[in-house]
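For reference, the chains in residue letters:
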Amino acid sequence: MRYVDEFRDPAKAKFLLKEIDSLTRRVMAGRDRPVSIMEVCGGHTHSIFRYGIEKMLPADIELVHGPGCPVCVLPMGRVDDCVALAEMPDAIFATFGDAMRVPGSRKSLLGAKADGADVRMVYSPLDALQLARENPRKEVVFFGLGFETTMPSTALTVIQAAVEEIINFSLFCNHITIIPTIKAILDSPGMQLDGFLGPGHVSMVIGVAPYDFIAEAYGKPLVVAGFEPLDVLHSIWMVIRQIAEGRSEVENQYRRIAPQEGNAKSLAAVAEVFELREFFEWRGLGSIDHSGVRIRDAYAAYDAERKFPVPAVRIADPKSCQCGEVLKGVIKPWQCKVFGKACKPETPLGALMVSSEGACAAWYQYGDLDSVARKVEVT
Amino acid sequence: MSGAGVKVAPMSVPGPTGAPKITLAHGGGGKAMRELIDHVFVRAFDNAYLADLDDQARFALAGFGEHGDRLAFTTDSYVVDPLFFPGGNIGKLAVCGTVNDLAVGGARPLYLSCGVIVEEGVEIELLSRVAESMAAAAAEAEVLVVTGDTKVVHRGACDKLFINTAGIGVIREGIELGANRARSGDKILINGWLGDHGAAILDARGELALDTEIESDCAPLGGLIAALLTACPDIRFIRDATRGGIATVLNEIASASGVGVELVEDAIPIREEVRGFCEILGLDPLYLANEGKIVCVVPRSRAEAALASMKNHPLGRAASIIGAVAAEKPGRVAMRTVFGGRRLIDMLSGEQLPRIC
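Think of each chain on its own: its residues are numbered from 1, step by step along the sequence as written. As a convention, the first chain written is A and the first ligand written is 1, with the rest following in written order. Note on the predicted model: pLDDT of at least 70 is required for a residue's local features to be given, and 80 or more for side-chain atom pairs to be given and counted; whole-chain, interface and lining totals, by contrast, use all residues. Remark: hydrogens and water are excluded; side-chain values derive from all non-hydrogen atoms of the structure.

Q: What should I look at first to understand the overall build of chain A in this one?
A: Only DSSP runs of H or I covering at least 4 residues are called helices, and only runs of E covering at least 2 are called strands; the numbering of each starts at the N terminus. Across its full length, chain A holds 16 helices and 13 strands. Taking 379 residues into account, the globule formula puts the C-alpha radius of gyration at 21 Å, and chain A, at 21 Å, falls close to it. If you line up chain A on its principal axes, its C-alpha atoms span 65 × 45 × 45 Å. Taken over 379 residues, chain A has a buried fraction of 59%. Both definitions apply: the radius of gyration is a C-alpha atom measure, and the globule rule equals 2.2 Å times residues to the power 0.38. Each residue is assigned to one of three classes by its accessible area relative to the maximum for its type, calculated with a 1.4 Å probe on protein chains only: buried under 20%, partly exposed between the two thresholds, exposed over 50%.

Next up, the structure:
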């Protein structure tokens, strides 16, 4: 497959791994703990596990799987709101597929569907708008979810609905923004990260400049990374090279997709429809200031939270669940008390076990549990 | 009640488009039902067992003995949506699926039943096309559909058309297959491209707005398996990799035999179109359904002979040795990735759901 296989070339991987190995040795000469790199985006987590990248790296590099899986950081109360909206009479609730299994306090969307709610899996917000056109007597609610990657398509859909004056369409907005989240992680006590792989697809929208503070104020290198396995290795090499050379800069490995200045049209659509919320609740991380967006007053008619009564009850994460510590990189998924026991992909307690991009599900599904056993013995 | 003696009346009850449709009368046990059965099923399946339209088909025991020494008996229900898809339809699937369930046990498939549950309002012509596909697949698989049942249900009580087929076959002497028979060193073979059926069905639902030419691999595998068992009678295990894909079958083998399974991603045949389809949707082809693919566990010394036998058959041209059985890590399936890494292939906990970004 062109433009894909080139980025999965094992010979090139070998070469990069050799370079990473020698740079790591240089770095380790002056320190006594492993180099800790967070991949912010769930897409990277998925690639790392799918291609077995973690096990190819030198033991002194530790990958911390960050909060960039929008499905995973969704608090339980928001899932309950989804279920409540889906269970309204004459409603069609349209959602991306992997949000359907996220547990709410009573049930997931899959559970609501089994109980008779009309929950439809869509691949684009425009599909949801089409449902509204086809079902004029039904209220179609689209579950808007994701970082800046998916925000523009949701914004354009709302604009389109307004242009066509479609009145039976609304958005339950759960879009979140990446920058305040990275800042919250950098500010959290006990943070031991040495560098970041920046989210490639978010950067395609917002550009590279918004990360500058990470290098400048916090002195941590960040490399905007692509999602193919060679992209990931190449980006890890770029981070390690910065550390070895004592630099902290924002670099862009994903130039073929992510432009330096972002995508003006997308940003304009987002700014037209959305404004920052004062705070947004994250599963495991708690409330983070300015980390979510809501619909502007001009588009209030398309805001499901204003159009319908939404319970908006805050549900605390299960006590035994350590998703927050995993998200912040304080513990590894397999160090969580309930990992693989009470919390498994078929019965997820915490959201990180739900999506294939969630660090825990990825560990459970793709991780080498024998090497986990070894690590447990060592620690 | 000989089928030949019944005059087949033209189907009445035109729907809004004018095409004759199934009504509850067709399930009432009376004249309309009789006409439907004759017009659609007896005509398509056309054999002496069925023509009597008795409540059961009757066979001489001696007829089974010439094929082997044990009976194999299986059943499966088919509820595929959409009913027609590139490469097949629910009827072809209902024959191939049950034939394959017999064949992978080392049986020569002989007879099928056909139970149909149809929603009122379905066009009779559609039912005829499905029955004709079943007949064609049965002819290809060299089996007879010898008994059947038709039920019509109220609109909304089922999704257009559900089919159940049961099958009887005979296992030839000396063949012993089982998921618990895999041994360290054995090779794992498949007979061709993976994931075609799963991708074709997802695409045919039309929700993806993707334009592909992927066709289902739906096919009866009795012939391929018979040739394989002749070339290599000491095969340990065969399973058709339907729902859950080869990942699920391999996990079952690893767990039943208490062995590890090591796959080589490079050796696994997946069409470019299917790979691209999966890349876009965030699906894993190892978990996609197949309807014409078997996973075989073969002793190492016989692997090349088994591969040659598969490649000799039209349904096995792209066969490949995709991995081996190992003593290490019992119960686990691992894969050496194209990238040189290694990952575990676990069972899926539910359906594969496309990722959002």
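Now that the structure has been shown, the text picks up again.
Q: Where do I start with the interface of chain B and chain A in this structure?
A: Accessible area lost upon the coming together of the parts is a frequently used measure of interface size. Contacts: residue pairs with any heavy atoms within 4.5 Å of one another. Between chain B and chain A, the contact holds 29 residues from the first and 43 residues from the second. When chain B packs against chain A, the two sides together hide about 3200 Å² of surface, and 56% of this comes from carbon and sulfur. By definition here, a salt bridge exists when the distance from a side-chain nitrogen of Lys or Arg to a carboxyl oxygen of Asp or Glu is within 4 Å. Across the contact surface, chain B and chain A share two salt bridges. With a closest N to O distance of 2.8 Å, Glu279(B) and Arg8(A) form a salt bridge. In the analysis that follows, any N or O atom pair within 3.5 Å is treated as a polar contact, provided that within protein one partner can donate a hydrogen and the other can accept it, and provided that, for residues neighboring in sequence, both atoms belong to side chains. Where chain B meets chain A, there are five residue pairs in polar contact (both at pLDDT 80 or more). At the level of elements, α9 (272-281) and β13 (342-344) of chain B are the ones that each hand at least two residues to the side of chain B that touches chain A. Ranked by residue count, the leading element in the side of chain B that touches chain A is α9(B), at five residues. Two parts placed together each lose some accessible area; with a 1.4 Å probe, that loss summed over both constitutes the buried area.

Q: Teacher, can you tell me more about the sheet that holds strand β4 (residues 107-119) of chain B here?
A: Two modes of strand pairing occur in sheets, parallel and antiparallel, and in both the strands are linked by backbone hydrogen bonds. Residue and element names in this part refer to chain B. Read from one edge of the open sheet, four strands run β1-β6-β4-β5, paired in mixed fashion. Edge positions in the sheet fall to β1 (70-78) and β5 (144-153), since each of these pairs with one other strand and no more. Averaged over all adjacent pairs, the angle separating strand axes in this sheet is 15°, with direction ignored. One ladder, built from nine bridges, connects β4 with strand β6 (residues 161-171); its direction is antiparallel. For two strands to be treated as a pair, DSSP must find at least two bridges joining them. A fitted line through C-alpha atoms serves as each axis, taken over the contacting stretch for helices, and the angle formed by two N-to-C directions is quoted from 0 to 180°.

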